[in-house]
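Commentary on secondary and tertiary structure
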Amino acid sequence: MTRSAGQEIVVGIDPLDPSVPTLAWAAGEAGRRNRSLRLVLAVPPLHDTQHVDSTPERMSLRARGRQALESARETVLRLLPGAQVVTELTYGRPAAVLCLRSEGSACMVVVGSQRLSTPAELLSTRSVAAPLSAQAACPVVVVRAPEHTADPSARLVVGVDGSEPSLEAVRFAFEEAGLRRAGVHAVRVWQHHALGLREEYYSAEHARLLATTVAEQVQDHPGVNCTQEVCSGHPVEELARASADALGIVVGRRGNGGYTGMRLGSVAHGLLHRAECPVITVPGAG
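This section reports on the structure supplied with the text. Being a predicted model, the structure only gives us computed values, none of them experimental. (Residues numbered from 1 in each chain as written. Predicted model: local features only at pLDDT ≥ 70, side-chain atom pairs only at ≥ 80, totals over all residues. Heavy atoms only, no water.)

1. Structural notes on the pairing of strand β7 (residues 183–190)
Counting buried residues along β7, 8 of its 8 residues qualify, which places the element largely inside the surrounding structure. In β7, alternate side chains face the same way, and those of Gly-183, His-185, Val-187 and Val-189 on one face and Val-184, Ala-186, Arg-188 and Trp-190 on the other are all buried. Note that strand β6 (residues 155–159) and β7 share 5 bridges and pair parallel. Paired with Gly-159 across the two strands is Val-187, which belongs to β7. Sheet topology note: the β7/strand β8 (residues 226–232) ladder contains 7 bridges and is parallel. Considered in β8, the bridge of Ala-186 is made with Gln-228. (Buried < 20%, exposed > 50% of the residue type's maximum accessible area, 1.4 Å probe, protein only. Helix = DSSP H or I, 4+ residues; strand = E, 2+ residues; numbered from the N terminus. Pairing = 2+ DSSP bridges.)

2. Describing the packing of helix α1 (residues 20–33) against helix α6 (residues 164–180)
Between α1 and α6, the shortest axis-to-axis distance is 10 Å and the interhelical angle comes to 80°. Classified by the angle their axes make, α1 and α6 are roughly perpendicular. Here Trp-25, Glu-29, Arg-32 and Arg-33 of α1 come into contact with α6, specifically with Phe-172, Glu-175, Glu-176, Leu-179 and Arg-180. Its residues placed into classes, the contact of α1 with α6 shows 3 nonpolar, no polar and 6 charged. (Axes fitted to C-alpha atoms, helices over the stretch in contact; angles between N-to-C directions. Parallel < 35°, antiparallel > 145°, perpendicular 65-115°, else oblique. Contact = heavy atoms within 4.5 Å. Nonpolar A, V, L, I, M, F, W, Y, C, P; charged D, E, K, R; others polar.)

3. Considering the packing of helix α8 (residues 235–242) against helix α9 (residues 266–274)
Working note: a packed helix pair is described by the angle between its axes plus the distance between those axes. Orientation of α8 relative to α9, taken along the N-to-C sense of each, is 45°, at an axis distance of 9 Å. As far as their axial angle goes, α9 and α8 are oblique. Considering how the two elements wind past one another, α8 and α9 form a crossing that is right-handed. From α8, Pro-235, Val-236, Glu-237, Leu-239 and Ala-240 reach across to α9, where they touch Ser-266, Val-267, Gly-270, Leu-271 and Arg-274. (Left-handed = near helix turned anticlockwise from the far one by under 90°.)

4. A look at helix α3 (residues 94–102)
Turning to α3, its buried residues are Pro-94, Ala-95, Val-97, Leu-98, Cys-99 and Ser-102. Tucked into the core, α3 has its buried residues touching β1 (8–12), β2 (36–43), β3 (85–91), β4 (106–112) and α5 (129–135).

5. Let's talk about the pattern of salt bridges
Summed over the entire model, instances satisfying the criterion amount to 18 salt bridges. Here Arg-155 ties to Asp-245 by a salt bridge, and the two come within 3.9 Å at their closest N and O atoms. Of this pair, Arg-155 sits in strand β6 while Asp-245 is found in the loop between α8 and β9 (248–253), placing the two residues 90 residues apart along the sequence. What makes Asp-245 partly exposed here is its relative accessible area of 39%. The closest approach of N and O atoms between Glu-237 and Arg-274, which form a salt bridge, is 2.5 Å. Linking Glu-237 in helix α8 with Arg-274 in helix α9, this pair joins segments that are 37 residues apart in sequence. Relative accessible area serves as the criterion here: at 37%, Glu-237 is assigned to the partly exposed category. (Salt bridge = Lys/Arg side-chain N within 4 Å of Asp/Glu carboxyl O.)

6. Side note on unusual backbone geometry
Even without glycine at this site, Asn-34 takes up a positive phi of about 55°. Judged by its relative accessible area of 67%, Asn-34 falls in the exposed class. If you check the backbone angles, Arg-181 has positive phi at about 55° while not being a glycine. Residue placement: Arg-181 occurs in the loop between α6 and β7. You can call Arg-181 exposed: its relative accessible area is 83%.

7. Some words on the pairing of strand β10 (residues 279–283)
Of all the 5 residues making up β10, 5 are buried; the element is thus mostly covered by neighbouring parts of the structure. Residues of β10 alternate between two faces, with Val-279, Thr-281 and Pro-283 on one and Ile-280 and Val-282 on the opposite face, all of them buried. When strand β5 (residues 140–143) meets β10, the two strands line up antiparallel, connected through 3 bridges. Residue pairing in the sheet places Val-140 in a bridge with Thr-281 of β10. As paired strands, β9 and β10 are joined by 5 bridges and run parallel to one another. By the bridge assignment for β10, Arg-253 is matched with Pro-283.

The following block contains the structure:
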């Protein structure tokens, strides 16, 4: 099973860029899973480390943080009346703080997307989506825009490459689709090889591997309609295309992200920049 045994959905709050779509996604998920919400705002460290708690700048950040948290709480309660909502104001780099929360009682972490450039992702203290998706111990949802909920044939897209992390992604996608009464569109992308073999051979082999990968979840979730697609090309481009009108795209993640937290994988990292729907990164079970 995916690592979703926690009781809280943790939401990262950015006081400089409040995201109603992010709060709406988290509130909807809390209702579907009957989970409480924890809204977390981390005040990043200041350059001046002397008496930081009493400096006017730190006090201003703390006041703005409290205000942002209260505004976010009010928004959630408008979206999901009666929800159990806890707010938390703390200090530290936001990505690091949220990673720590993912190791505790969180069943998932939800954040907005700033679409920072690659240098900014590496250097900015406000960079959250990429390092969090690379390191968190539970699924991470990165929300950029409102869901495509008007489509009656709503579906989640899941990228499948046959690895153990992608098996976890498939499990999560079917679980989520079952909660939403939506479908799953499983996609396997392969790239051309200069081995002289016919394209039909590769396509048929990948179709067989895809069907084998999703077979168990298809059997375990008979109420979830599953479609399958095999295509050739660049994985990021093809998965972004397939998920253009999706409720979200789910991908697996290898490893723990390393010290810098940037070992996310080229496909997942690329989708954070290209996908027009929420990107859900699921860590492997190992």
